[in-house]
Amino acid sequence: MNGGPSGFNNAPVARAFVIACGLFTIVFGIQGRSNRLGLSYQDIFQKLQLWKLIVSGFAFSSTPELIFGLYLMYYFRVFERQIGSNKYSVFVLFSVIVSLLFQVLALALLKDPNLSALTSGPYGVIFSSFVPFYLDIPVSTRFRVFGLRFSDKSFIYLAGLQLLLSSWKRSILPGICGILAGSLYRLNFLRIRKLKFPDFIASFFPRLSWPSMGSIVPAAQSRNVPRNIPSYTGRRGNYPAPPTSSTVEPSEDSIATLVSMGFERNSARQALVHARNDVNAATNILLEAQSH
């Protein structure tokens, strides 16, 4: 279970966030300050080092946390492909802000100047993503190891558990705050799931992308995507047959991208045929079908 084709195709926001976290961690690690970036009661409420509220959301405090954190963020890029870069940016911003507010509130309630600083890193975004991962991503395969039952989702959960317990109490609290932030987003708190950035901001998202290996729909082909995309009557399947003259055989990478989002292969193929191999349009078709 790898979250679809390799690379960050159709996920420019996730790519920018991963790169930013990696650079922040490397820069502060070279300076020997990575272990002092976490939030603490003394730093926030006594020394007023408010700059840590920003830095602590990007830089990991250790190399093992960086490895597991980047792996999880790389996998969770599937959600940007599913909901689009605009809404995914809102999700990232909401998760970062709300999880930080929960962490500050927890430090204020504990009021313990001797409490060790919380571990730093994008725990808010990572553990917020576990909410839709648990609820929306289905299990595709199951297997047994030494009599124990596992699924293809087990590896993601194990990586998350490793990150959650990496610094024990210092990392558990940021992880829980991230889960709470993801739950509020899922509950559509303040109608956040309907929020989008203005067009002049959203137009910046495609500029975050650059050519990479994987599934890329040719520009000439994407211009031929029909404006009126046929609707679907069932959750999965039950598609009207597309006109034979306009049928475009979907690429395997595009089908794999939709399958990684939890859609059945046949449904994904049919949606791509109607969308003429445009992954974003096909995703909208499938999501609309599920809402009926």
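Note that residues are indexed from 1 along each chain, following the sequence as it is written. Note on the predicted model: pLDDT of at least 70 is required for a residue's local features to be given, and 80 or more for side-chain atom pairs to be given and counted; whole-chain, interface and lining totals, by contrast, use all residues. With hydrogens and water set aside, each side-chain value is computed from the structure's full complement of heavy atoms.

1. So, the overall build of the protein
Now for step 1: The number of helices and strands found in the protein is 14 helices and two strands.
Now for step 2: The buried share of the protein, reckoned over its 292 residues, is 46%.
Now for step 3: The contact criterion used is simple: two residues touch if any of their non-hydrogen atoms lie within 4.5 Å. The long-range share in the protein, meaning contacts at least 24 apart out of those at least 6 apart in sequence, stands at 77%.
Now for step 4: If you sum the accessible surface of the protein, you get close to 15,400 Å²; carbon and sulfur atoms cover 61% of it. Think of it this way: any DSSP run of H or I at least four residues long counts as a helix, any run of E at least two long counts as a strand, and we number them from the N terminus. Think of it in three bands: residues with accessible area under 20% of the maximum for their type are buried, residues over 50% are exposed, and the middle band is partly exposed, with areas taken using a 1.4 Å probe on protein chains only. Surface accessibility in these figures is a Shrake-Rupley result with a 1.4 Å probe; residues are shielded only by whichever protein chains are displayed.

2. As for the confidence of the model for the protein
Now for step 1: Mean pLDDT over the protein stands at 81; residues scoring 70 or higher make up 79%.
Now for step 2: Scored below 50 in pLDDT, residues 211-245 makes 57 contacts in the model with residues more than four places away or belonging to other chains. The quantity called pLDDT is the predictor's confidence in a given residue, expressed from 0 to 100.

3. Some thoughts on unusual backbone geometry
Now for step 1: The backbone of L48 shows a phi angle near 55°, a positive value even though the residue is not glycine.
Now for step 2: Among the structural elements, L48 can be located in the loop between α2 (41-46) and α3 (52-55).
Now for step 3: Backbone geometry at N188 places phi at a positive 60°, although glycine is not the residue there.
Now for step 4: The residue N188 is located in the loop between α9 (169-186) and α10 (199-202) in this model.
Now for step 5: Assessed through its relative accessible area of 24%, N188 is described here as partly exposed.

4. Section: the pairing of strand β2 (residues 148-151)
Now for step 1: In the sheet, strand β1 (residues 142-145) pairs with β2 via four bridges, with the strands oriented antiparallel. Bridging across to β2, R142 finds its partner in S151.
Now for step 2: By this definition, two strands are paired if DSSP reports at least two bridges between them. Joining the antiparallel neighbours β1 and β2 is a turn of two residues, in which F146 adopts a positive phi near 50°.

5. Some points on the UniProt feature "transmembrane region" (unreviewed entry) in the protein
Now for step 1: The residues that UniProt annotates with the feature "transmembrane region" (unreviewed entry) are residues 12-30, 50-76, 88-110 and 155-185.
Now for step 2: Between the C-alpha atoms that bound residues 88-110 the distance is 33 Å, and the span itself is 100% helix and 0% strand.
Now for step 3: A distance of 24 Å separates the end C-alpha atoms of residues 155-185, which is 87% helix and 0% strand. UniProt positions are given in the numbering used here, feature names are shortened, and annotations may be inferred rather than shown by experiment.

6. Re helix α4 (residues 63-75)
Now for step 1: How far a helix is expected to stretch is found by multiplying one less than its residue total by 1.5 Å. Here α4 contains 13 residues, and its C-alpha end-to-end distance of 18 Å stays within 8% of the 18 Å for a straight helix at 1.5 Å per residue.
Now for step 2: Those residues of α4 not exposed but buried are E65, L66, G69, L72, M73 and Y75.
Now for step 3: Looking at the buried side of α4, the elements it contacts are α1 (12-30), α5 (78-83), α7 (123-136) and α8 (154-164).

7. What to know about the side chain of S89
Now for step 1: Locating S89 in the fold gives a position in helix α6 (residues 85-110).
Now for step 2: Residue S89 is classed as buried on the basis of its relative accessible area, which comes to 10%.
Now for step 3: A 3.5 Å cut-off defines polar contacts: any pair of N or O atoms within that distance qualifies, except that in protein one atom must be a possible hydrogen donor and the other a possible acceptor, and neighbouring residues in sequence count only when both atoms are side-chain atoms. Reaching out from S89, the side chain makes a polar contact with the backbone oxygen of S85 at a distance of 2.8 Å.

8. Remarks on the packing of α7 against α9
Now for step 1: An axis is simply a line fitted to the C-alpha atoms; with a helix, the fit covers only the stretch in contact. Between two such axes, the angle follows the N-to-C directions and lies from 0 to 180 degrees. Look at α7 against α9: their axes get within 7 Å of each other, and the N-to-C directions meet at 50°. Comparing the axis directions of α7 and α9 gives the class oblique. At the point where α7 passes α9, the crossing takes the right-handed sense. Contacts between α7 and α9 involve Y123, G124, F127, S128, V131, P132, L135 and D136 on the former and, on the latter, S171, P174, G175, G178, I179, A181, G182, S183 and R186.
Now for step 2: Under the scheme applied here, ten amino acids are nonpolar (Ala, Val, Leu, Ile, Met, Phe, Trp, Tyr, Cys and Pro), four are charged (Asp, Glu, Lys and Arg), and all others, including Gly, are polar. Residues belonging to the contact of α7 with α9 are distributed by class as follows: eight nonpolar, seven polar and two charged. Any angle between 65 and 115 degrees counts as roughly perpendicular, while under 35 counts as roughly parallel, over 145 as roughly antiparallel, and the rest as oblique. Two helices that cross are described as forming a left-handed crossing if the nearer one is turned anticlockwise from the farther one by less than a right angle, and a right-handed crossing if clockwise.

9. What about the pattern of salt bridges?
Now for step 1: Take a side-chain nitrogen of Lys or Arg and a carboxyl oxygen of Asp or Glu: if they are within 4 Å of each other, that pair is a salt bridge. All told, the structure shown has four salt bridges when counted by the stated rule.
Now for step 2: One salt bridge connects K52 with D43, and the closest N-O pair in it is separated by 2.6 Å.
Now for step 3: Given a relative accessible area of 5%, K52 falls into the buried group.
Now for step 4: Look at D43 and you get buried, because its relative accessible area is 9%.
Now for step 5: In this structure, R186 and D136 form a salt bridge, with 2.7 Å as the shortest nitrogen-oxygen distance. Separated by 50 residues along the polypeptide, R186 in helix α9 and D136 in helix α7 bring together distant segments of the chain.
Now for step 6: Given the relative accessible area of 31%, D136 is considered partly exposed.

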